[in-house]
Amino acid sequence: RSSDLHLTQGDRLLVRVKAVNRGGASVPTVLDQPVPIREIVARPKIRLPRFLRQTYVRHVGEGVNLVIPFQGKPRPQVSWTKNGQALDPKQVSVRHSDKDTILFIRKTERKDSGKYEVVVQIDSLEDKATIDIQVIERPGPPKSIKLVDVWGFNVALEWTPPGDDGNSEIKGYTIQKSDKKTGEWFTVLEHYHRTNCTVSDLIMGNSYYFRVFAENQCGLSEKPVVTKDCAFIKKTGIVYKPAEFPERDFSEAPKFTQALSNRTTTTGYSTKLFCSVRGCPKPKIIWMKNQMEIREDPKYRALTNQGVCTLEIRKPCPFDGGVYSCKAVNDLGEAIVDCRLDVKVPQ
């Protein structure tokens, strides 16, 4: 095995080989044809950066400086085209090195948008890449605007899309209003996608102007379209008319919602009996012991509060035991509940 580093491309090399041992060298073996010396060729390959695999967007006036790496040996021939045509050297500059090519635009204009194709080529081998460059700017204002209708506190507007979209899709509109008295503009809708809208919550007796901006990826249009006529919100006579509701009859005969409970107490210890009642008109409460009405007796104290009826029996004795009743009476009827009170003598 042998190598020679001093060969150049295009040389033709004659080769013969001898075997050698202690006895000497053998008869040489010679190749029938000389070997041409050629450089090893690496296929041309473009390494397109990831961010250039989608549309490359620039604003008008910004620069473009794209470095596109490639490989190939011997050094490939590099060429650029735009939309299938040769580049304009006055607008676009191209520089090449052994490993990359550079596309440079000092200040972009909208006419620089297009599909740029770079080709690296070695003899019949080549590789291509396409770069889509989009140069955008702010859109123009909508073409026209019209007051469609005014009613109540509302105004309906319509407008037409701008004639110049700035080389970028219109993403929406911004609608503003201005009170004629102050002249200040206030935004009522942003990023609005339709070409008509209704502006509400306007003040009665005021006049308003409206304007609309178009919006694309670059931002809002520099100028808006403004309504020529103002919208006057008329004053209307307002008469308050209370709602009419049918009167409800709350009349009800007395009804106990909680009855009396039997109780047991001890001689000398005051006790209370409780119950609750409802009714309309407010019922009269009558307490009874063993069917006899309890009148003004200092031993008993009767109270009624918010429908809760209480009978306090002060220091009862065995004689005070028996059946106690509470009777409620109004114009629509009456109701009665009772319980038993047992008074025990301590042993």
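Structure: above.
Residues numbered from 1 in each chain as written. Predicted model: local features only at pLDDT ≥ 70, side-chain atom pairs only at ≥ 80, totals over all residues. Heavy atoms only, no water.

A. Inspection of the overall build of the chain at higher detail. A count of helical and extended segments in the chain gives zero helices and 33 strands. A globule of 347 residues ought to have a C-alpha radius of gyration of about 20 Å, yet the chain, at 52 Å, is considerably larger. By the burial criterion, 32% of the 347 residues in the chain qualify as buried. Of the roughly 23900 Å² of accessible surface on the chain, a fraction of 49% belongs to carbon and sulfur atoms. Positive and negative side-chain charges in the chain, numbering 54 and 41 respectively, have mean positions lying 5 Å apart. (Helix = DSSP H or I, 4+ residues; strand = E, 2+ residues; numbered from the N terminus. Rg over C-alpha atoms; globule rule 2.2 N^0.38 Å. Buried < 20%, exposed > 50% of the residue type's maximum accessible area, 1.4 Å probe, protein only. Areas by Shrake-Rupley, 256 points an atom, 1.4 Å probe, with all protein chains shown as cover. Lys, Arg positive; Asp, Glu negative; His and termini not counted. Charge placed at Lys NZ, Arg CZ, Asp CG, Glu CD.)

B. How the structure looks around the pattern of salt bridges. Counted by the stated rule, this structure contains 13 salt bridges. The shortest N-O distance in the salt bridge between R110 and E137 comes to 2.8 Å. Taken together, the positions of R110 in the loop between strand 13 (100-105) and strand 14 (114-122) and E137 in the loop between strand 15 (125-136) and strand 16 (145-151) put the pair 27 residues apart, joining distant regions of the chain. Here E137 falls in the partly exposed class, since its relative accessible area comes to 28%. (Salt bridge = Lys/Arg side-chain N within 4 Å of Asp/Glu carboxyl O.)

C. Structural view of the environment of W287. Inspection of the secondary structure assignment puts W287 in strand 28 (residues 284-289). Since its relative accessible area comes to 5%, W287 is described here as buried.

D. Highlighting the packing of aromatic side chains. Within this structure, the stated rule accounts for five aromatic pairs. Ring centres of W159 and Y173 lie 5.6 Å apart, and the angle between their planes is 65°; this geometry places the pair in the edge-to-face category. On the criterion of sequence distance, the pair formed by W159 in strand 17 (residues 154-159) and Y173 in strand 18 (residues 172-179) is long-range, its members being 14 residues apart. On the basis of relative accessible area, W159 is assigned to the buried category, the value being 4%. Feature note: the residues W159, Y173 and Y192 constitute an aromatic cluster, connected by ring pairs. Sitting above the plane of the F319 ring, K289 keeps its charged end 4.6 Å from the centroid. (Phe/Tyr/Trp six-rings, centres within 6.5 Å; stacked < 30°, edge-to-face > 60°. Lys NZ or Arg CZ within 6 Å of the ring centre and 35° of its normal.)

E. Representation of the sheet that holds strand 8 (residues 56-59) within the structure. The strand order across the open sheet formed by five strands is 8-15-14-10-11, and the pairing between neighbours is mixed. Two strands in the sheet have a free side with no partner beyond their single neighbour: strand 8 and strand 11 (85-86). As paired elements, strand 14 and strand 15 share nine bridges and run antiparallel to each other. Within strand 15, the position partnered with I122 by the bridge is L125. (Pairing = 2+ DSSP bridges.)

F. Molecular detail of the environment of G219. Considering the arrangement of structural elements, one finds G219 in strand 22 (residues 219-220). Here the alpha-carbon distance between G219 and G172, two residues 47 residues apart in the chain, equals 10.0 Å. The contacts of G219, once residues within four sequence positions are left out, are P139 and A214. (Contact = heavy atoms within 4.5 Å.)

G. Representation of the sheet that holds strand 29 (residues 292-293) within the structure. Strand order in the open sheet made by the five strands is 26-33-32-28-29, with mixed pairing throughout. Unpaired on one side and paired on the other, strand 26 (263-266) and strand 29 mark the two borders of the sheet. Summarising the sheet, strand 32 (residues 322-330) and strand 33 (residues 333-344) pair through nine bridges and their orientation is antiparallel. Bridging from a neighbouring strand, V323 pairs with R340 of strand 33.

H. Structural view of the state of the cysteines. Counted by the stated rule, this structure contains zero disulfides. In this structure C275 is a free cysteine whose sulfur lies 3.7 Å from that of C326, the closest cysteine sulfur available. Exposure remark for C275: the relative accessible area of 2% places this residue in the buried category. Free cysteine: C339, not disulfide-bonded; nearest cysteine sulfur from C275 at 8.6 Å. With a relative accessible area of 4%, C339 lands in the buried category. (Disulfide = S-S within 2.5 Å.)

I. Seen up close, unusual backbone geometry. Omega for the bond connecting K73 with P74 falls within 30 degrees of zero, at 5°, which places this linkage in the cis form. Structurally, P74 can be placed in the loop between strand 9 (64-73) and strand 10 (77-82). The linkage connecting C280 with the following residue, P281, adopts the cis geometry, with an omega of 0°. Within the secondary structure layout, P281 lies in the loop between strand 27 (271-280) and strand 28. In the Ramachandran plot, N83 falls in the positive-phi region, its phi being about 50° despite a non-glycine side chain. Mapped onto the elements of the fold, N83 is located in the loop between strand 10 and strand 11. If you check the backbone angles, D201 has positive phi at about 60° while not being a glycine.

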